[in-house]
Amino acid sequence: MPEIRVFSAKNYDRVGFSEANERHGHDLVFLDARLEPATVELAGGAPAVCVFVNDVVSAPVLEALAAAGTRCVALRCAGYNNVDLAAAERLGLTVVHVPAYSPNAVAEHTLALILALNRRIHRAYNRVRDGNFALDGLVGVDLAGKTVGVVGTGRIGAIVARLLWHLRCHVLAVDPYHDQHLLDLGVEYVDIDRALAESDIITLNCPLTPETRHLIDADAVRRMRRGAMLVNTGRGALVDTSAVIDGLKSGQIGSVALDVYEEEADLFFVDRSDEILDDDVFARLLTFHNVLITAHQAFLTREALAAIAETTLANVTSVLDGSDPVNVVQPG
Ligand code: NAI
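Residues numbered from 1 in each chain as written. Predicted model: local features only at pLDDT ≥ 70, side-chain atom pairs only at ≥ 80, totals over all residues. Heavy atoms only, no water.

Overview of the site of the ligand
Thinking step 1. In the neighbourhood of the ligand, 25 residues make up the surrounding shell, with Tyr101, Arg155, Ile156, Asp175 and Asp259 lying closest.
Thinking step 2. Interatomic distance of 3.2 Å between a backbone N/O atom of Phe299 and an oxygen atom of the ligand.
Thinking step 3. A total of 870 Å² of accessible area belongs to the ligand in isolation, and the protein chains cover 86% of it.
Thinking step 4. Partitioned by chemical class, the residues of the shell around the ligand number 12 nonpolar, eight polar and five charged. (Near = heavy atom within 4 Å. Polar contact = N/O pair within 3.5 Å; in protein donor to acceptor, adjacent residues only side chain to side chain. Areas by Shrake-Rupley, 256 points an atom, 1.4 Å probe, with all protein chains shown as cover. Nonpolar A, V, L, I, M, F, W, Y, C, P; charged D, E, K, R; others polar.)

Spelled out as structure tokens, the structure:
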């Protein structure tokens, strides 16, 4: 029974993986610790380790894993920007991921953020609970007829674009690959400059790569339509947070919804309500009434968790069997 050490394991991981494992029969060892240089010894030479978005899968970590006998790094997520893929290849470690577990989950959360932020539901919720029934400051806009720029129309972005199309938005898509179904709906593929200039809402649904890091920087903020909403459910480093804060302060950006944050690794997935927040940039973001933040929960549906566990365990089996490894991530 091959052992898998599951790092950064939360209760919902334990439930989802234990259920799926009834069909796979791996020996699962759940660890609270995040994988990083200081914790890599906890892998204990298990043939496979399972990691999530903020585990540190750097060259030194991979070297320690390989030296102890680990052969497979199984990401229980789609993105793999936290893995040094070249080092993994050099060390003969196979990296697998879950390319698509429920693109609907992330797309629907993206839409939820847009709808909630536009109609100031986060403010209304608190006001009503506090006996404040005033409506000042809660004015939204009709989404019908508005222009939305969807950056990245892969599995998730294509669903975001379709949902917005159903709301009768004019959808501008930015992606080197053009989705025929979206074209058939009348979605227009444009370059990023036009999307920034014309969109009332910009949503980022592309992966984090060297090319997309700080895609929304100070220059991009300047080129956005004044007062536009910025939504990021992709990866935190797609935006330069300081530039976004400057944009909010000047009114150039009208509102911001984030499910991801560049420095989230030291913040998210943990109850820190008793701690003093020492990230001043994040603290500043929290002061804006027109900023809505969720802590990387776009993936968090029952269907997605079940699919993540099922695919991850099947991925590990395929690698350790030496049969035909599936969902392998290749460098470059
Ligand atoms: P995908 O690989 O199906 O689609 C990504 C699309 O982005 C592709 O069509 C690609 O051509 C496009 N793209 C790449 N570079 C681009 C650029 N410079 N400009 C415009 N488009 C570009 O990936 P999927 O499944 O749609 O996921 C997208 C991202 O969403 C993931 O990489 C991950 O970072 C993020 N994600 C976030 C989650 C969350 O819980 N917040 C959960 C799952 C994924």
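Quick word on the sheet that holds strand 2 (residues 27–30)
Thinking step 1. A sheet is described by the order of its strands in space; here five strands give the open sequence 2-1-3-4-5, paired in parallel fashion. Looking at the sheet topology across the chains shown, the edges are occupied by strand 2 and strand 5 (94–96). Between one strand axis and the next, the sheet turns through 20° on average, direction left out of account.
Thinking step 2. The pairing of strand 4 (residues 72–75) with strand 5 spans three bridges and is parallel. Note that in strand 5 the partner of Cys72 across the bridge is Thr94.
Thinking step 3. Across the sheet, helix 12 (residues 302–320) lies against strand 1 (3–6), strand 2, strand 3 (48–51), strand 4 and strand 5, angled at about 160° from strand 4, the strand it touches most. (Pairing = 2+ DSSP bridges. Helix = DSSP H or I, 4+ residues; strand = E, 2+ residues; numbered from the N terminus. Axes fitted to C-alpha atoms, helices over the stretch in contact; angles between N-to-C directions. Contact = heavy atoms within 4.5 Å.)

Concerning the pattern of salt bridges
Thinking step 1. Applying the stated rule across the entire model yields 15 salt bridges.
Thinking step 2. The salt bridge involving Arg222 is made with Asp219; its shortest N-O contact spans 3.8 Å. On the criterion of helical spacing, the pair formed by Arg222 and Asp219 is a turn pair, its members being three residues apart in helix 9 (residues 218–223).
Thinking step 3. Residue Arg222 is classed as exposed on the basis of its relative accessible area, which comes to 60%.
Thinking step 4. With its nearest N and O atoms 3.2 Å apart, the salt bridge here joins Arg223 to Asp219. One end of the pair, Arg223, and the other, Asp219, are both in helix 9, four residues apart, so they sit about a helical turn from each other. (Salt bridge = Lys/Arg side-chain N within 4 Å of Asp/Glu carboxyl O. Buried < 20%, exposed > 50% of the residue type's maximum accessible area, 1.4 Å probe, protein only.)

Some words on the pairing of strand 3
Thinking step 1. Across the two faces of strand 3 the burial is the same, with Ala48 and Cys50 and Val49 and Val51 all buried.
Thinking step 2. Two strands pair when backbone bridges link them, and strand 3 and strand 4 are joined in this way by four bridges, in the parallel orientation. Bridge pairing in strand 4 links Val51 to Leu75.
Thinking step 3. Assessed by its sense of winding, the connection that carries the chain from strand 3 through helix 2 (residues 59–68) to strand 4 is right-handed. (Right-handed = clockwise from strand over helix to strand, strands pointing away.)

Focus on the nonpolar core
Thinking step 1. Among the nonpolar cores identified, the biggest contains 47 residues, and Leu65 and Val73 are the most heavily contacted of them.
Thinking step 2. If you list the elements that add at least two residues to this core, you get strand 1, helix 1 (11–24), strand 3, helix 2, strand 4, helix 3 (85–91), strand 5 and helix 12.
Thinking step 3. Here this core gets eight residues from one element, more than from any other, and that element is helix 12. (Core = buried A, V, L, I, M, F, W, Y, C linked by side-chain atoms within 4.5 Å.)

Considering the packing of aromatic side chains
Aromatic ring pairs: the centre-centre distance and the angle between the two ring planes describe each pair.
Thinking step 1. If you walk through the whole model with that rule in mind, you get four aromatic pairs.
Thinking step 2. An aromatic cluster is built from Phe52, Phe269 and Phe299, whose rings are joined through pairwise contacts. (Phe/Tyr/Trp six-rings, centres within 6.5 Å; stacked < 30°, edge-to-face > 60°.)

Structural notes on the packing of helix 1 against helix 12
Thinking step 1. Look at helix 1 against helix 12: their axes get within 8 Å of each other, and the N-to-C directions meet at 50°. Taken together, the axis directions place helix 1 and helix 12 in an arrangement best described as oblique. Handedness of the helix 1/helix 12 crossing: right-handed. In this structure, helix 1 uses Tyr12, Gly16, Phe17, Ala20, Asn21, Arg23 and His24 to contact helix 12, whose residues at the interface are Leu305, Ile308, Ala309, Glu310, Thr312, Leu313, Ala314 and Thr317. (Parallel < 35°, antiparallel > 145°, perpendicular 65-115°, else oblique. Left-handed = near helix turned anticlockwise from the far one by under 90°.)

Some points on the environment of Gly145
Thinking step 1. Looking at where Gly145 falls in the secondary structure, it is placed in the loop between helix 5 (121–129) and strand 6 (147–151).
Thinking step 2. Counting along the chain gives 79 residues from Gly145 to Ala66, while the straight-line C-alpha distance between them is 54 Å.

A short note on the pairing of strand 9 (residues 201–204)
Thinking step 1. Side chains of strand 9 alternate between two faces, with Ile201 and Thr203 and Ile202 and Leu204 buried alike.
Thinking step 2. The pairing of strand 6 with strand 9 spans four bridges and is classified as parallel. Each bridged residue has a counterpart across the sheet, and for Val151 the counterpart in strand 9 is Leu204.
Thinking step 3. As paired elements, strand 9 and strand 10 (residues 228–232) share four bridges and run parallel to each other. For Leu204, the partnering residue across the bridge sits in strand 10 and is Asn232.
Thinking step 4. Remark: the strand 9/helix 9/strand 10 crossover connection has right-handed handedness.

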